[in-house]
Each structure stands twice: as structure tokens, then as C-alpha cells.
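Structural description and commentary
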Amino acid sequence: MRKYFLLSLLLAGSFAGTAVYALPPPSSLSAREKRAVATPTPIAKSRVVVPEGRRPSTVVVIDPGHGGFDRGGIPHQRVPESMMNLDVAQRLKAVLQAYGYHVVMTRDSDVFIPLGTRVAIANSYRDAIFVCIHFNATPRSSASGIETYFYSSQSLPLASAIHYYVAGGAPSANRGVRRRGFFVLRRTTIPSVLVECGFLTNPTEAQYAQSVTYRQKLAEEIGRGVRERSMVASSSTSNRLAANTATVPLQPFIDQTHYHDPDLARSKHKRSKSSSKSTSSKRKHSSDSDSGSETKSKKKKSKSANTEG
Ligand SMILES: [Zn+2]
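Residues numbered from 1 in each chain as written. Predicted model: local features only at pLDDT ≥ 70, side-chain atom pairs only at ≥ 80, totals over all residues. Heavy atoms only, no water.

1. Side note on the sheet that holds strand S5 (residues 174-179)
- Within the open sheet, the 7 strands sit side by side as S2-S1-S3-S6-S4-S5-S7. Their pairing is mixed. Each having just a single partner strand, strand S2 (102-105) and strand S7 (253-255) make up the two edges of the open sheet. In this sheet, adjacent strand axes meet at a mean angle of 25 degrees when their direction is disregarded.
- Pairing between strand S3 (residues 128-136) and strand S6 (residues 192-199): 6 bridges, direction parallel. Note that in S6 the partner of Phe130 across the bridge is Ser192.
- Running at roughly 145 degrees to S3, helix H4 (residues 81-99) makes contact with strand S1 (59-64), S2 and S3 of the sheet.
- Running over the sheet, helix H5 (residues 115-123) touches S1, S2 and S3 and is turned about 170 degrees from S1. (Pairing = 2+ DSSP bridges. Helix = DSSP H or I, 4+ residues; strand = E, 2+ residues; numbered from the N terminus. Axes fitted to C-alpha atoms, helices over the stretch in contact; angles between N-to-C directions. Contact = heavy atoms within 4.5 Å.)

2. A few points about the coordination of the zinc ion
- Donor atoms from the polypeptide that bind the zinc ion are His66 (NE2), Glu81 (OE), Glu81 (OE) and His134 (ND1), placed at 2.1 to 2.8 Å.
- The coordination sphere of the zinc ion comprises 4 donor atoms, whose angles at the metal cover 51 to 144 degrees; the geometry is irregular. (Donors = N, O, S within 2.8 Å, 3.2 Å for Na, K, Ca; no water. Tetrahedral: all angles 85-135°; square planar, octahedral: opposite > 155°, others 65-115°.)

3. Description of helix H6 (residues 156-169)
- Between its first and last C-alpha atoms H6 spans 19 Å; for 14 residues at 1.5 Å apiece the expected length is 20 Å, and the two agree.
- Within H6, 11 of the 14 residues are buried, which leaves it mostly tucked inside the rest of the structure.
- Inspection of H6 places Leu156, Pro157, Leu158, Ala159, Ser160, Ala161, Ile162, His163, Tyr165, Val166 and Ala167 among the buried residues, and these make up the whole buried set. (Expected span 1.5 Å × (residues − 1). Buried < 20%, exposed > 50% of the residue type's maximum accessible area, 1.4 Å probe, protein only.)

Okay, structure coming up:
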């Protein structure tokens, strides 16, 4: 709630001293914001003002999906998902560290980490965000594209920013932002997203994924989304802003929270009722009639590890 308050302050152009906590790192500030940060009001001074360069750095917890005996993907998949996830995650770590973020990895090698442990790591940092890196898989080899998942409403700006840059920077199709109750998204108390960086079962996207250049590009676009997350517009109707305004449009999303999934149904009662507010006004109709069954078959075959810890 406080974050939304700060975000609205920021978007309204009311740069009170407290708004520095909602700002991205200094390198991405506009000249106007730099002035605002550099000249705190007396009111702000009487509060806790952290000197320039000594602000608490935002922690980014990066979670490379799967690992160890859990290769991810579907049976007989040629390109192992877990290794691709780890490589993109390690590149993302370098990108974010260069921006000045403190990065925590849930795994930094090819080991299996239970989902509960991943969530516990994320929840142990208060001023943090959680970014899960995955690649998609489905028996239908023609399926392709980038998807970004979130669950809690506080995670939508982060999902929007990351998806905006990754889907915009990748040659793959844009499959949209989706709301869904994956375990790691449902159980984390900080803003959390899960990026599906393309289908390893699609020959073209599998080829992309095996290129170092492409994995580096993915990491840079995700990193850009992390950095620009506080510049996301407060509503999807404000997409048309002046071209020189550093604002990322809030992405419309497909709500899959009531999507029938045997893996998720078992823990349905554990979901927060308060976060299941109506999103019908923002619901986007998918024209891809295949996406439902395809996602379903994928979840049946490979996402049980994602949804149950
Ligand atoms: Zn995965």
C-alpha cells in the first residue's frame, strides 16, 4: 500500500523527499527527477533522509527455475530448461549489479532447490523484488512467444515493465502478461514475477536460446524492466503520453487465476481472497484458442514442480 502511495506521488509529479525510495537507481533518473532528489524540502530533511550514494540498495532475488535432477520442460526435451534459466539468471545478476543492485540468487549452480526454500529466501528480504527465470515447453512445437506471470496486484508494475522490455526486445511473439497462482508467486510477500523467455520446444526459439548473444539480450531487457519498474503508468489508459516521458505502459493481462489446473486446484483454498478482486475490466481475450489446452498440457507435464514445493 505504501508503495502505491509513493508510486502515485511519483506519477503525480509530487516529488516529496520520501519519493526517493520509489525512484530507480540514479543512472536512470530524468533531469527533473535529479533536481527533485538533489533538493529535498525541509520537511523531508526532518525525516530520515538517506544521503546520495548511501541509500539502501534494493535487493533483487533472482530465481533460476528448476535445477539438479529437475531439468524443467517436458520429457525428451532436447535443450535443458534448467541450464538456460541459470545462464540467463547469471547474466541478469551481472546486469543488475552493474546498475548497483544487491543481487541474491536462489541457486547459482545446477542444484535442486525446493520451491519452499526459494520462497523463504525471497521473503527474508523486506525491500526486495523476486524475479523467476524460466523457458516454456509444450508438445506442440509451433507454439512460441514470451509470457510474464504475476499474482499479487503489487507485482503488476514489475511484470509490466519486464514484459514490456523483454517482449519488445525479443523477436518472439508477445503472449502477454498473465495472472496466475504459481506457488512462488502466491507465497512470496514481495513483488514477484515469473518470466517465460520463449519455448525451448519451438525449433526457432530453442536456437535463439542456445545463442549467448540472445541470452545476454534477454538478461539486459529483464534488467531494464527491473530498473524502470517504478516508471510504469498507473493505468493502461495512459499509454499515450509524450514521447519523451520515461513511462512504461501498464500492460493489460490475461487472468488465469480461475483457470482449471489440477496442480493448482489442490491448493486453491490457500489463496488469498483479498487479492482475487474482479479484473474483468482488464481481461484480455486470447485469440489463440490453442493457448488454453497447450498451457494445460504443459502444466500437467512439467509445472507440478512449479506449483508444489
Ligand atoms: Zn520452468
